[in-house]
Amino acid sequence: MAERLKVHVDPDKCQGHARCKALAPELFELDEYGNAHEAGDGTVPAGLEDKAWLAKSNCPEIAIDVTEE
């Protein structure tokens, strides 16, 4: 069975740069202040794994975690 990925944004670290939303709009949403949070429960749909890792690596606040389940 293939491992699934999940993304999580630490709300204490996110400063609203929104790079994650720009790079992976399917995986992230912005609140009314422009801070990001994961879409839904954070599960990364098949085929979007590279976007999850790209968003993590481009976060200037290191606020995004990608975990394997």
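Residues numbered from 1 in each chain as written. Predicted model: local features only at pLDDT ≥ 70, side-chain atom pairs only at ≥ 80, totals over all residues. Heavy atoms only, no water.

Per an unreviewed UniProt entry, the chain is named Ferredoxin, and its organism is Bradyrhizobium agreste.

Moving on to the overall build of the chain. Counting its secondary structure elements, the chain contains two helices and four strands. By its C-alpha atoms, the chain is 40 × 20 × 20 Å across when sized along the principal axes. Within the chain, the proportion of its 69 residues that are buried is 32%. Of all intrachain contacts in the chain linking residues separated by at least 6 positions in sequence, the fraction that spans at least 24 positions is 60%. As presented, the chain carries roughly 4,400 Å² of accessible surface, and 49% of it is formed by carbon and sulfur atoms. (Helix = DSSP H or I, 4+ residues; strand = E, 2+ residues; numbered from the N terminus. Buried < 20%, exposed > 50% of the residue type's maximum accessible area, 1.4 Å probe, protein only. Contact = heavy atoms within 4.5 Å. Areas by Shrake-Rupley, 256 points an atom, 1.4 Å probe, with all protein chains shown as cover.)

Inspection of the entire model under this criterion finds four salt bridges. Measuring nitrogen to oxygen at the nearest pair gives 3.9 Å for the salt bridge that ties aspartate 41 to lysine 6. Highlighted residues: aspartate 41 in the loop between strand E3 (36-38) and helix H2 (49-58) and lysine 6 in strand E1 (residues 5-9), separated in sequence by 35 residues. Glutamate 69 is the salt-bridge partner of lysine 6, the closest N and O atoms lying 4.0 Å from each other. One end of the pair, lysine 6, is in strand E1; the other, glutamate 69, is in the segment after strand E4 (64-68), and 63 residues separate them in sequence. Taking relative accessible area as the criterion, glutamate 69 reaches 48% and is therefore assigned partly exposed. Where salt bridges share partners, they join Arg4, Lys6, Asp41 and Glu69 into one cluster. (Salt bridge = Lys/Arg side-chain N within 4 Å of Asp/Glu carboxyl O.)

Summarising the element assignment, alanine 18 is placed in the loop between E1 and helix H1 (19-23). The exposure class of alanine 18 is partly exposed, given its relative accessible area of 24%.

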